[in-house]
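Commentary on secondary and tertiary structure
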Amino acid sequence: MSAYPNAAETTVTDTDTDTAAAPSLCAPLPVLGRDVTVPLVTGGEVTYAALDYAASAPALQRVWDDVAAYAPYYGSVHRGAGYLSQLSTDLFENSRTQVHEFLGCREGDQVVFTRSTTDSLGLLAAALPAGCQVFVFETEHHASLLPWRESRVTYLNAPRTPGDAVRTLERALADRDPYGPALVCVTGASNVTGELWPVRELAAAAHAHGARIVLDAAQLAPHHPVSVEELDVDWVAFSGHKLYAPFGSGVLAGRADWLREAEPYLAGGGASRTVARRSDGGVDVEWHTTAARHEAGSPNVIGVYAIASACKALTEAGFDTLVAREQHLIAKVREGLAEVPEVRVLSLFGDDAPRVGVLSFVVDGWNSSHFAAALSAEYGIGVRDGLFCAHPLVRTLLGSDPQDVGECGAPEAEPGERSLNAIRVSFGAGTPDEHVERFVRAVKELVRDGAQWKYRTEDGRCVPDRG
């Protein structure tokens, strides 16, 4: 098996700009906003090119249609006797089954619905057994880097090859003292470089040393099939808003024991089986042992259904087909950027490393916030600039001092000044060829000719100067 999680076996080399020239590739999946037009600061309007999928992917039209069809039948779940409540309960629990199948979970694994990947990993952090040691690479998104600070946590340096990642983890686990419960947290695909990590090999290393492993699949699940059983991970977490679902919901799926033994993530209705007053005036509580233990309160039924709908839509579209088309787009972007000497694409594992549709880069002579602002204002292209909530990783990739100024959003540097941030372009199942072609053309024109408009910093953002 490949060292990468479900990495595509076929490399797409066709770089023709006309999709019709590549008949084996599928058309983009219909998404909301595909026909939205935005004004250009230079005059006129253009169809918006949404190339910030790594932050939030546009909702699939099919998902939106499914949610709209259900909305009139919405009802509170689990405790209502009415027809709509019973219908909504069935839909909610069937959605859990759909997600369980989508993730290739094992028999006995639990699927807990949360608000996001961040919430899922926070839940798991709260469920760690006493004395658990946590191992996490500095390359993680903050959602998987920060939740463990109340535990004994070891932060591992950024590896420069997949094999180095495995060896680094093996050494750290072998040296831990005392030997007790341990958890490894690792990404499936970097939200900065898009590179695929050797998840199965890391899982094998973790288990060989008596540790468990949780996979942050926020950037992996929208692009590649994820199987808990095949990758042999203990838990997987992801967000609906990156999986083409429009609402604030997420998933933590995997082994039930730590979750079943932990105090509920939230104390309240739904998490409790029985509650009774004691003679001394206190309260006795018996908590559920199912996923309901960590789903207190009225759940986001529509958000959960949206995730299940997206899982079904991606499965039916076929990941082999979707991966092939995405690799076609990646090739267009990489080959286009390679033609601009001033552009440096950021990478941990090298240019040949398999990746999803996420690339970050810097441009010599440009403040990255200024460059991103010009892409938006002059070309109608939405990308992201900053440190992408992965500060240690981006600092490492940029070769900066850990104390250099930089933040998740735009820095305070004025246009033209050097800044500690980068530009990220990301895309997926709903991206048409024209969007990435316009992006590549815009990068070349901005580097060659400069911006057509003047820009200034306002409230920490680089914006067109309309003064």
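Notes on the structure follow.

Procedures and definitions
- Residues numbered from 1 in each chain as written.
- Predicted model: local features only at pLDDT ≥ 70, side-chain atom pairs only at ≥ 80, totals over all residues.
- Heavy atoms only, no water.
- Patch = residues over 30% accessible without salt bridge, like charges linked within 9 Å, V, L, I, M, F, W, Y side chains within 5 Å.
- Areas by Shrake-Rupley, 256 points an atom, 1.4 Å probe, with all protein chains shown as cover.
- Salt bridge = Lys/Arg side-chain N within 4 Å of Asp/Glu carboxyl O.
- Helix = DSSP H or I, 4+ residues; strand = E, 2+ residues; numbered from the N terminus.
- Buried < 20%, exposed > 50% of the residue type's maximum accessible area, 1.4 Å probe, protein only.
- Phe/Tyr/Trp six-rings, centres within 6.5 Å; stacked < 30°, edge-to-face > 60°.
- Lys NZ or Arg CZ within 6 Å of the ring centre and 35° of its normal.
- Arc of directions from axis to C-beta.
- Contact = heavy atoms within 4.5 Å.
- Core = buried A, V, L, I, M, F, W, Y, C linked by side-chain atoms within 4.5 Å.
- Pairing = 2+ DSSP bridges.
- Axes fitted to C-alpha atoms, helices over the stretch in contact; angles between N-to-C directions.

So, about a nonpolar patch on the surface. A contiguous nonpolar surface patch, about 340 Å² in accessible area, is contributed by Tyr73, Tyr83 and Leu84. Residue placement: Leu84 occurs in helix 2 (residues 83-102).

What follows covers unusual backbone geometry. Of the consecutive residues Asp177 and Pro178, the connecting peptide bond is found in the cis state with omega at 0°. In this fold, Pro178 is placed in the loop between helix 5 (162-174) and strand 7 (182-187). Positioned with a positive phi, His78 is a non-glycine residue whose angle comes to about 75°. Inspection of the secondary structure puts His78 in the loop between helix 1 (61-70) and helix 2. Positive phi outside glycine occurs at Asp459, with the angle close to 50°. One can find Asp459 in the loop between strand 18 (455-458) and strand 19 (461-464).

Let's shift gears to the environment of Asp320. Take Asp320: it is sitting in helix 10 (residues 319-338). The exposure class assigned to Asp320 is exposed, which follows from its relative accessible area of 70%. Taking C-alpha positions, Asp320 is 39 Å from Pro264, a pair spaced 56 residues apart along the chain.

Let's shift gears to the packing of aromatic side chains. To describe a pair of aromatic rings, you give the distance between the ring centres and the angle between the ring planes. Applying the stated criterion across every chain, the model contains 11 aromatic pairs. With a centroid separation of 6.2 Å and 45° between ring planes, the pair formed by Phe102 and Phe319 is classed as tilted. On the criterion of sequence distance, the pair formed by Phe102 in helix 2 and Phe319 in helix 10 is long-range, its members being 217 residues apart. In this structure, Phe102 and Phe319 share a single accessibility class: buried. These aromatic residues form a ring-pair network of at least three members: Phe361, Trp366, Phe371 and Phe439. Above the plane of the ring of Tyr179 lies Arg176, whose end atom (NZ or CZ) is 4.0 Å from the centre.

To continue, consider helix 6 (residues 199-208). Taken as a whole, helix 6 has its buried residues at Val199, Leu202, Ala203, Ala205 and Ala206. Mapping the buried residues of helix 6 onto a view down its axis gives an arc of 160°, with all of them on the same face. Those residues of helix 6 hidden inside the fold are in contact with strand 5 (133-137), helix 5, strand 7, strand 8 (212-216) and helix 7 (228-231). Positive backbone phi, at 75°, marks Gly210, one or two positions downstream of helix 6.

Looking now at the nonpolar core. Grouped together as the largest cluster of nonpolar side chains are 84 residues, with contacts concentrated most on Val99, Leu103, Leu169, Leu202, Leu215, Phe238 and Val251. The element that contributes the greatest number of residues to this core is helix 9 (residues 301-317), accounting for eight residues. One finds Val343, Trp366, Ala373 and Tyr455 within the second-largest nonpolar core, a separate group that totals 33 residues.

Another point: the pairing of strand 5. Counting buried positions along strand 5 yields five of five residues, so the element is predominantly enclosed. Residues Gln133, Phe135 and Phe137 line one face of strand 5 and the alternating positions Val134 and Val136 line the opposite face, and both faces are buried. Pairing geometry for strand 5 and strand 6 (residues 152-156), over five bridges, is parallel. Note that in strand 6 the partner of Gln133 across the bridge is Arg152. Looking at chain direction, strand 5 and strand 7 are connected through four bridges and run parallel.

Turning next to the pattern of salt bridges. The tally for this structure, following the rule as stated, stands at 22 salt bridges. Close ionic contact of Lys444 with Glu339 constitutes a salt bridge, the shortest N to O distance being 2.4 Å. Here Glu339 lies in the loop between helix 10 and strand 13 (343-345) and Lys444 lies in helix 13 (residues 433-449), a separation of 105 residues in the sequence. Judged by relative accessible area, Lys444 falls into the partly exposed class, the value being 28%. A salt bridge links Arg448 to Asp449; the nearest nitrogen and oxygen atoms lie 2.9 Å apart. Taking the relative accessible area as the measure of exposure, Arg448 reaches 60% and is therefore exposed. Ionic contacts of the salt-bridge type, sharing partners, join the residues Arg325, Lys332, Asp433 and Glu437 into one network.

Across the five residues that make up strand 10 (residues 250-254), a large majority, five, are buried. Side chains Gly250, Leu252 and Gly254 project from strand 10 onto one buried face, and the interleaved Val251 and Ala253 project onto a second face that is buried too. Judged from the five bridges that link them, strand 4 (residues 110-114) and strand 10 form a sheet pairing that is antiparallel. Bridged to Val111 within strand 10 is Ala253.

Read from one edge to the other, the open sheet built from seven strands follows the order 4-10-9-8-7-5-6, with strand pairing classed as mixed. Among the strands making up the open sheet, the edge pair consists of strand 4 and strand 6. Ignoring strand direction, the axes of neighbouring strands in this sheet form an average angle of 20°. Note: strand 8 against strand 9 (residues 235-239), three bridges, orientation parallel. Note on strand 9: the bridge partner recorded for Leu215 is Val236. Sheet strands touched by helix 5: strand 5, strand 6 and strand 7. Its angle to strand 5, the strand with the most contacts, is close to 160°.

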